[in-house]
Structures are given as C-alpha cells and as structure tokens.
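# Chains, contacts and geometry: an overview
Listed below, chain by chain, are the residues.
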Amino acid sequence: MTEIFKTPSQSITTITELMIPSYANFGGKVHGGIILSLMDKVAYACASKHSAAYCVTVAVDGVEFLSPVEVGELVSLTAAVHFVGNTTMIVGIQVESLQPRTGLVKHTNSCYFTMAAKDENGKLIQVPGLKIETREDLIHFCEGKSIRENSKTNRALLENDMQHLNLNEQVHFCDQERCLIQIQD
Ligand SMILES: CC(C)(COP(=O)(O)OP(=O)(O)OC[C@H]1O[C@@H](n2cnc3c(N)ncnc32)[C@H](O)[C@@H]1OP(=O)(O)O)[C@@H](O)C(=O)NCCC(=O)NCCS
C-alpha cells in the first residue's frame, strides 16, 4: 500500500475568539485555563484534519504565558502539524492577542500539543506522513522531533529519580530549598 503524505499547509488552522468579561479572573485578566482550552480546540481541529480521524490529547509541552490577555482583545491561535510519529502528531501552536482599538499585537504563547489518532473502537491508528516543502516546515519538523525526544528523556529521568528515591538523602537534597520539613510518623 502506498504511504500517504500531507503538507502542514493542508491542516493549518486558525481560530480567533473575542475575550469576554466572563473569561476574566479576579484580577481582570483572562484565565490561563480559557487560553489552554482554546489551544486544545485548535490542536484538535488541526490534528483531525491531518489524520482524518478522531484525536485525543496525549501531552502538552512548553506552555508559558508570556504576557497577560485582557478582556476586549481578539485572541488568534494558529495550529500546524510540526512532526508526526506513527500514531501521534506534534502540533505547534502560536497565540497572539490583538487590541482592536490600538492595533497592538502581543505574542502571548507558543507551545506543543501531542495528539494521537484513534479509530471508532478507540484503537490507535497510523497518521499520514508529513510532506516537507519549505525551510520553515523543516525547522518545525526538527523542533517537533527535539520536543518528542527531550520529553521522553525527561520522563525517563524523572521515573528513574523517583524509583531510587531515598528519603533520608532527600532531606539533605532539599536543605537549600524554601521548605520546612516536619514529617511526623
Ligand atoms: C496516550 C495514549 C494514546 C498512549 O497509549 P499507549 O497504548 O500507552 O501508547 P504507546 O506507548 O503504544 O504509544 C503510542 C504513541 O503515543 C506516544 N506517547 C505515549 N505516551 C506519551 C507521552 N506521555 N507523551 C508524548 N507521547 C506519548 C508514543 O510515543 C507513541 O507515539 P507514536 O505512535 O507516534 O510513535 C493512551 O494512554 C491514551 O489514550 N490516553 C488518553 C488520552 C486522552 O483521552 N486524552 C484526553 C484527556 S481528557
């Protein structure tokens, strides 16, 4: 069977949403969770277009809120497939916020969602390969590959650290940290 390849441009997706007062927190800024939910939505739209399948969110890497988003701003989220594995896709998301009256645009966030494609029985399925046609696509592909490898390495390191955790040693390890250890057993 011939393998299917698709370009990132075939699934690139942008959504724009007005930030309304009910999205705000007590400080008057938009809740981070609202932006996260929009990121999940746009990642889903992009991944399901690439895979032509139902997708689930597997992991999120690199979420940082670089500047606050205000009520009244128009937030645009652009998602593009950066990298594909066998059953998963790494979708890169760029978030910008536009103040319509002044025209000021802020880059508020970039991050990476790993999305897996599943069939109607919930079984993981292979996704189309990625056809790279531009230098930018190639940079994105390398970025996605690094994200996947670093994230795997970090998970393995953490698991190893936790398996070999010796609480007596950890007390000294935490000496210089801002915690007060008073365990009573
Ligand atoms: C994530 C999930 C698909 C992994 O299933 P699994 O059978 O353990 O998967 P495998 O170990 O065979 O890995 C399958 C793929 O997931 C990737 N993967 C698994 N865990 C991962 C993680 N923590 N981070 C990134 N990728 C991960 C693997 O690299 C592999 O990718 P590839 O096929 O592109 O090479 C499964 O645990 C799942 O369905 N989770 C629930 C997802 C969901 O419902 N999300 C919505 C939350 S409300």
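Above this text sits the structure in question.
Residues numbered from 1 in each chain as written. Predicted model: local features only at pLDDT ≥ 70, side-chain atom pairs only at ≥ 80, totals over all residues.

Take the overall build of the protein next. Across its full length, the protein holds three helices and seven strands. In the protein, the succession of helices and strands from N to C terminus is β-β-α-β-β-β-β-β-α-α. Against the globule reference of 16 Å for 185 residues, the protein gives a C-alpha radius of gyration of 20 Å, more extended than a compact globule. In terms of its C-alpha atoms, the protein occupies a principal-axis envelope of roughly 60 × 55 × 35 Å. Relative to its full complement of 185 residues, the protein shows a buried share of 26%. Counting only contacts in the protein whose residues sit at least 6 apart along the sequence, the fraction spanning at least 24 positions is 74%. (Helix = DSSP H or I, 4+ residues; strand = E, 2+ residues; numbered from the N terminus. Rg over C-alpha atoms; globule rule 2.2 N^0.38 Å. Buried ≥ 20, exposed ≤ 12 C-beta atoms within 10 Å, placed from the backbone. Contact = placed C-beta atoms within 7 Å.)

With that out of the way, let us pick up the site of the ligand. Around the ligand sit Val 56, Thr 57, Val 58, Ala 59, Gly 85, Asn 86, Thr 87, Thr 88, Thr 114, Ala 116, Leu 124 and Ser 151, and that is every residue in its neighbourhood. For the shell around the ligand, the secondary structure elements donating two or more residues are β3 (54–61) and β6 (104–118). The biggest single contributor to the shell around the ligand is β3, with four residues. Classifying every residue of the shell around the ligand by side-chain character gives five nonpolar, seven polar and no charged. (Near = placed C-beta within 6 Å. Nonpolar A, V, L, I, M, F, W, Y, C, P; charged D, E, K, R; others polar.)

Counted at 1.5 Å a residue, the expected span for helix α1 (residues 32–51) with its 20 residues is 28 Å, and the 28 Å between its end C-alpha atoms agrees. Every buried residue belonging to α1 is among Ile 35, Leu 38, Met 39, Val 42, Ala 43, Cys 46, Ala 47, His 50 and Ser 51, and all of these are buried. Here the buried face of α1 lies against β1 (5–6), β2 (13–18), β3, β4 (74–84), β5 (88–99) and β6. Of the residues one or two after α1, Ala 52 is the one with positive phi, at around 55°. (Expected span 1.5 Å × (residues − 1).)

Judged by pairing direction, the sheet is antiparallel, and its five strands sit side by side in the order β2-β4-β5-β6-β3 without closing on themselves. The open sheet has two free edges, formed respectively by β2 and β3, since each of these has just one partner strand. Averaged over neighbouring strand pairs, the angle between their axes works out to 30° when direction is ignored. When β2 meets β4, the two strands line up antiparallel, connected through six bridges. Bridge pairing links Thr 16 to Ser 76 in β4. Contacting β2, β3, β4, β5 and β6, α1 runs over the sheet at an angle of about 45° to β4. (Pairing = 2+ DSSP bridges. Axes fitted to C-alpha atoms, helices over the stretch in contact; angles between N-to-C directions.)

Note on placement: Val 75 falls in strand β4. Owing to 22 C-beta atoms within 10 Å, Val 75 belongs among the buried residues under this scheme. Separated by 41 residues in the primary sequence, Val 75 and Ile 34 place their C-alpha atoms 11 Å from one another. Once residues within four sequence positions are removed from consideration, Val 75 is found in contact with Thr 16, Glu 17, Met 19, Ile 35, Leu 38, Val 69, Val 95 and Ser 97.

Between its terminal C-alpha atoms helix α2 (residues 135–163) stretches 42 Å, which fits the 42 Å expected from 29 residues at 1.5 Å a residue. Within the span of α2, buried status applies to His 140, Gly 144 and Ile 147. Here the buried face of α2 lies against β3, β4, β5 and β6.

One finds Met 39, Ala 43, Val 91 and Ile 93 to be the most contacted residues of the largest nonpolar core, which totals 32 residues. Those residues in contact with Val 91 that sit more than four places away from it in its chain are Ala 43, Cys 46, Ala 47, Ala 79, Ala 80, Val 81, His 82, Tyr 112, Phe 113 and Met 115. (Core = buried A, V, L, I, M, F, W, Y, C linked by C-beta atoms within 7 Å.)

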